[in-house]
Amino acid sequence: MFCNQCEQVAKGAACTIVGVCGKNEEVSTLQDLLIHALQGLSLYALEGRKQAIVDDATDLFVLEAIFSTLTNVDFDPDRFVALIKRAVELREAMKAKVAAKGDAPGFAQAAATFIPAGSTAELAAQGKALNLLENLDADVNIRSLKQIVLFGLKGIAAYADHAAVLGQKDLAIPGFCYETLTALLSPNLTMEQAVALAMKAGEINLRAMELLDAANTGAYGHPAPTPVPLGHRKNKCILITGHDLSDLEQLLIQTEGKGIDIYTHGEMLPCHGYPKLKKYPHFYGHFGTAWQNQQKEFPNFPGPILFTTNCIQKPRDDYKDRVFTNGLVGWPGVKHINNKDYSAVVEMALVMPGFTDNVDNGQVLVGFARNTVLGVADKVIDAVKSKAIRHFFLVGGCDGAKPGRDYFTRLVEQIPNDCMVLTLACGKFRFFDKQLGDISGIPRLLDVGQCNDAYSAIQIAVALAKAFDCGVNDLPLSLVLSWYEQKAVSILLTLLYLGIKDIRLGPSLPAFISPAVLEFLVNAFDIKPVDTPEADLKAILG
């Protein structure tokens, strides 16, 4: 096993025995084998596109399959076995379609002729023999860039899959997946070509986030400022965590009128701001504080827990029996929901005690996506011109359990009162309930939304730059980002593609970035690791 795709890798280098996330060697090697199988499919799918052969089912499968290898999504080896075999079936089908229009090319790469073994153990052995990441390239710097692109591709696939669920698609995205997976097979990729591929990944991810934004707002309306209770009320209850809004909507529909309250966890918090979701009176509040506390919090939730699209961490045995998963999410032995039929979850909620009292733990405000913020842009601009607002900080990204993430709490606590804080993604849970007051009636802490709502944050920055007739890099704006998994990589590539500089990244730099590649990023984009909150604030504000 060799995995270094997330921020919490063992000893800051790589997980080689078992993943810090909880995945074992069997799952890790099956994930590598799936990428290998998808590379074989991509060779023929890319050839098919040259002949105007486009298969929607194949495109959707590739997005879902790449997404399944993201950190903390699927830990069930049986599901990877099925995905690997399906990838090979689709490869052969595409090969036949290409051959029907002429001579099918003969590819020398092993991925083009890969035959899956019969048993799960044998498949895992095939994956282990690949040594996928370490064999991406003989040159350590090209290998580093290839890993950046591969991990960014996983984030792109996640966003594109979310968007496709709600009917928003763009052929360019699966097309880029085919191009990239094929390019990663090349032993002759130059530094310039690898950097160009990384920038292209950033461009494609911007499109994927744009699609997802259109999907979410088209289906559920534009988020509006909404207070969300952090306590609970006496009633039966279900907790939902993950990212996909359509899962939440179906749960709300299927629990309507049944005396069950729905609570969010993690990246589902911003969903309370969408008009067509918050109309449900039983969509009540948010349960839980930060990612690192979830294993302590979940056993205390007196109802079933539904993980959708993304999980967070393998559930402990003391609450595993009331965990349900949906979509790509899976662990061995955990109940999996098919076709978004949540009747089993509802039945369990009605049997379980639920909350037996009312508790007021205050509330937080969500719903400050681009429409809301740009709706008061004139007030923001006036406040900047009058020096009521000195600086903007975008503090967001991923959360995790590794020590050092309290940096983001301490940073926000120390940001001066004449500065605004925008935040998004689950990194906000380090400080989301801080009472920072307001400036000229505008809350100092603005929750922009989920990680994919980086698209909204980008649109806000672009609009402000236009209003001040300057570039985004000339704005009084600093980005301080936390990262954990591959969606963060794709967002970083988007920011770099847009030419945004002077980004502070933490709590530690990616293990897969070689010293030479890091030097390139520092010189080209002025990326820097976080220091201490005090030192960083002094450097930013003077």
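This section reports on the structure supplied with the text. The model shown is predicted, which means the values in this text are computed figures rather than measured ones.

1. Details of the sheet that holds strand S4 (residues 283-286)
Through backbone hydrogen bonds, the strands of a sheet pair up, either in parallel or in antiparallel fashion. Pairing is parallel across the open sheet formed by 6 strands, whose spatial order is S4-S3-S2-S5-S6-S7. Edge strands, defined here as strands with exactly one partner in the open sheet, are S4 and strand S7 (335-337). Strand-to-strand twist across the sheet, computed as the mean angle between neighbouring axes with direction ignored, equals 30°.

2. A word on the pairing of strand S6 (residues 323-326)
Here S6 shows a buried face lined by Val-323 and Thr-325 and a second buried face lined by Phe-324 and Asn-326. Of the pairings in the sheet, the one linking strand S5 (residues 305-308) to S6 comprises 4 bridges and is parallel in character. Along S6, the bridge assignment pairs Phe-307 with Thr-325. Examined bridge by bridge, S6 and S7 share 3 bridges and lie parallel to one another. Across the sheet, the residue bridging to Thr-325 is His-336, located in S7.

3. Some remarks on helix H7 (residues 191-220)
Working note: α-helix, 3.6 residues per turn, so residues spaced by three or four point in the same direction. Over its 30 residues, H7 runs 43 Å from end to end, which matches the ideal 44 Å to within 8%, given 1.5 Å per residue. Where H7 terminates, the next one or two residues include Gly-221, which has phi positive at roughly 85°.

4. Considering the sheet that holds strand S10 (residues 419-424)
Taken together, 6 strands build an open sheet; the order of strands is S13-S10-S9-S14-S15-S16 and the sheet is parallel. The open sheet terminates on both sides in strands that have one partner only, identified here as strand S13 (445-449) and strand S16 (528-529). Across 4 bridges, the pairing between S10 and S13 is parallel. Among the inter-strand pairings, Leu-424 is bridged to a residue of S13, identified as Gly-449. Across the face of the sheet, helix H14 (residues 406-414) comes into contact with strand S9 (391-397), S10, strand S14 (477-482) and strand S15 (503-506) while running at roughly 155° to S14. Contacting S9, S10, S13 and S14, helix H15 (residues 454-467) crosses the sheet at an angle of about 150° to S10.

About the cut-offs
- Every chain begins its residue count from 1, and numbering advances along the sequence as written.
- Side-chain atom pairs in this predicted model are given and counted only at pLDDT of 80 or more, local residue features only at pLDDT of at least 70, and totals for whole chains, interfaces and linings cover all residues.
- Heavy atoms throughout the structure, all of them, feed into the side-chain values; hydrogens and water do not.
- Pairing between two strands is assigned when DSSP locates at least 2 bridges connecting them.
- In DSSP terms, a helix is any run of H or I states spanning at least four residues, a strand is any run of E spanning at least two, and both are numbered starting from the N terminus.
- Axes here refer to lines fitted to C-alpha atoms; in helices the fit is confined to the stretch in contact. Angles between the N-to-C directions go from 0 to 180 degrees.
- Classification of residues uses two cut-offs on accessible area relative to the type maximum, computed with a 1.4 Å probe and protein chains only: under 20% is buried, over 50% is exposed, and between them is partly exposed.
- To estimate how far a helix should reach, multiply one less than its number of residues by 1.5 Å.
- In what follows, residue pairs with any heavy atoms lying within 4.5 Å of each other are defined as contacts.

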